[in-house]
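Chain residues, written in single-letter form:
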Amino acid sequence: MARDRGRLLLHACCGPCTIEPLKLLIGEGWRPAIFYYNPNIHPQAEYRHRLQVIGDYARAQGVTLIEGPYDPERWRAQAGCFGDRRPERCRACYRMRLEESARFAKEHGFSALSTTLTVSPYQYVGAIGEELERACGDGLEPIFRDFRPYYPEATRISRELGMYRQNYCGCSFSDAEAAAERKQRREQRRVQAEKRAHEREEREAELAPQREAARKKREEYDRLQRRKREVRDALRAQRRAQQTSMDQE
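In every chain, residue numbers begin from 1 and rise along the written sequence. Totals for whole chains, interfaces and linings use all residues, but because this is a predicted model, local features are given only for residues with pLDDT of at least 70 and pairs of side-chain atoms are given and counted only at 80 or more. The basis for every side-chain value is the complete set of non-hydrogen atoms in the structure, without hydrogens or water.

Caption draft 1: Up close: the overall build of the protein chain. Helix and strand assignments come from DSSP, with helices taken as H or I runs of at least 4 residues and strands as E runs of at least 2, each series counted from the N terminus. Summing up its helical and strand segments, the protein chain has 7 helices and 5 strands in all. Start at the N end of the protein chain and walk to the C end: the helices and strands fall as β-α-β-α-β-α-α-β-α-β-α-α. The principal-axis extent of the C-alpha atoms belonging to the protein chain is close to 130 × 45 × 30 Å. Buried residues are those whose accessible area, probed at 1.4 Å on protein chains only, stays under 20% of the maximum for their type, while exposed residues exceed 50% and partly exposed ones sit between those limits. Considering the protein chain as a whole, with its 249 residues, one finds that 37% of them fall into the buried category. In what follows, a contact means two residues having at least one pair of non-hydrogen atoms within 4.5 Å. Intrachain contacts of the protein chain at a sequence separation of at least 6 include 74% that bridge at least 24 residues. Areas reported here follow the Shrake-Rupley algorithm with a probe of radius 1.4 Å; residue values treat only the protein chains shown as occluding. With an accessible surface of roughly 15100 Å², the protein chain has 50% of that area assigned to carbon and sulfur atoms. Under this rule, positive means Lys or Arg and negative means Asp or Glu; His and the chain ends count for nothing. Note on charges: their place is set at NZ of Lys, CZ of Arg, CG of Asp or CD of Glu. Computing the positive centroid from 48 side-chain charges and the negative centroid from 39, the protein chain places the two 4 Å apart.

Caption draft 2: Expanded view of the sheet that holds strand β3 (residues 65-67). By this definition, two strands are paired if DSSP reports at least two bridges between them. Pairing in this open sheet of 5 strands is parallel, and the strands run β3-β2-β1-β4-β5 from one edge to the other. Every other strand in the sheet has two partners, leaving β3 and β5 (141-142) as the edge strands with one partner each. In the sheet, strand β2 (residues 30-36) pairs with β3 via 3 bridges, with the strands oriented parallel. Looking across to β3, one finds that Ile34 is bridged to Leu65. Across the sheet, helix α2 (residues 44-61) touches β2 and β3, and the angle it forms with β3 is around 160 degrees. Interaxial angles span 0 to 180 degrees and are taken between N-to-C directions of axes, which are lines fitted to C-alpha atoms, for helices over the stretch in contact. In the packing of helix α4 (residues 86-107) onto the sheet, contacts are made with β1 (6-11), β2, β3 and β4 (112-115), and the angle to β1 comes to roughly 155 degrees.

Caption draft 3: Inspection of α4 at higher detail. For α4, built from 22 residues, the straight-helix expectation of 32 Å at 1.5 Å per residue is met to within 8% by its first-to-last C-alpha distance of 32 Å. Two residues or fewer after α4 comes Gly109, characterised by a positive phi angle close to 80 degrees. Expected helix span is computed as 1.5 Å times (number of residues minus one).

Caption draft 4: Molecular detail of unusual backbone geometry. With omega at -5 degrees, the peptide bond leading from His42 into Pro43 counts as cis. Residue placement: Pro43 occurs in the loop between β2 and α2.

Caption draft 5: Region of the structure containing the nonpolar core. The biggest cluster of nonpolar side chains holds 31 residues, and the ones touching the most others in it are Leu9, Tyr94 and Leu113. When contributions to this core are tallied by element, the ones reaching two or more residues are β2, α4 and α5 (125-136). Here this core gets 9 residues from one element, more than from any other, and that element is α4. In this text, buried Ala, Val, Leu, Ile, Met, Phe, Trp, Tyr and Cys residues form a nonpolar core when linked through side-chain atoms within 4.5 Å. Counting 21 residues, the second-largest nonpolar core is a separate cluster that includes Leu10, Ile19, Ile34 and Val53.

Caption draft 6: Geometry of helix α7 (residues 172-248). The end-to-end C-alpha distance of α7 is 105 Å, a good match for the 114 Å that 77 residues give at a rise of 1.5 Å each. At Leu207, α7 shows its maximal bend, which comes to roughly 40 degrees, and the proline Pro209 appears one to four places after that position. In this fold, the buried residues of α7 make contact with α4. Note on bend: the value at a residue is the angle between axes fitted to the seven residues ending there and to the seven starting there.

Caption draft 7: Highlighting the environment of Phe173. Assignment of secondary structure puts Phe173 in helix α7. On the basis of relative accessibility, which here comes to 27%, the residue Phe173 falls in the partly exposed class. Phe173 has contacts with Trp75, Gly80, Gly83, Asp84 and Arg89, leaving out every residue within four places of it along the chain.

Caption draft 8: The arrangement of the pattern of salt bridges in detail. Any Lys or Arg side-chain nitrogen located within 4 Å of an Asp or Glu carboxyl oxygen qualifies as a salt bridge. Scanning all chains against the criterion turns up 29 salt bridges. For Glu46, the salt bridge goes to Arg50, with nearest N and O atoms at 2.7 Å. One end of the pair is Glu46 and the other is Arg50, both in helix α2 and 4 residues apart, which spans about a single turn. Comparing Glu46 with Arg50, the two get one shared label, buried. For Glu177, the salt bridge goes to Arg89, with nearest N and O atoms at 3.1 Å.

Caption draft 9: View of the pairing of β4. Here β4 shows no split at all, with Ala112 and Ser114 on one side and Leu113 and Thr115 on the other all buried. In the sheet, β1 pairs with β4 via 4 bridges, with the strands oriented parallel. The partner of Leu10 across the bridge, within β4, is Ser114. Taken together, the 2 bridges between β4 and β5 define a ladder with parallel strand orientation.

Okay, here's the thing in structure tokens:
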């Protein structure tokens, strides 16, 4: 059993991304509490839905869940102001959430801070590590882990549990970006399907003369076979007639 490493505040973005980090950190000997601080999530109904999901999971695991303040106006002022400039907006978002998490951790006697943000393969992991270390400063140990290798397992388990899985990071910008990406993928699939259909048509056109020649060859073969059978049947009928005549004589 791992030695007790102390109290750790785990900043968490959602239920599915919490599964593997929570298990791994406990396995390392940490005593975690989950800090749900995500004022970036839009709209509020989505925020509440994710909070309920992670709350249900935390209770099932016997882990404390702490909800931070939901202040989307502050988020828009500090991170949303970057608009569609995604790398800058995401870094500002990481900074805001991790700074608040670090402040709470220091004020409530936690010795370390970690985050589930690195589970997603769509995040800027390097920036997350930098912002985590920056937010911790002195007196708080940054526990940075690249959890991306555990994303498939987290996906599998969350699906088995019937856990809600959002299809965008959280903010209105990421929602629009994700929708645009899904539309682009659908368009790419449509184009690929049309390309495959066109290639099949071309292949069919190339094979048509060969198939027609094969069909005619088969028809000619069948015609000759029928003719052979007709001749054979006629000869048999002739022999039977001759035999009948001889028997009558």
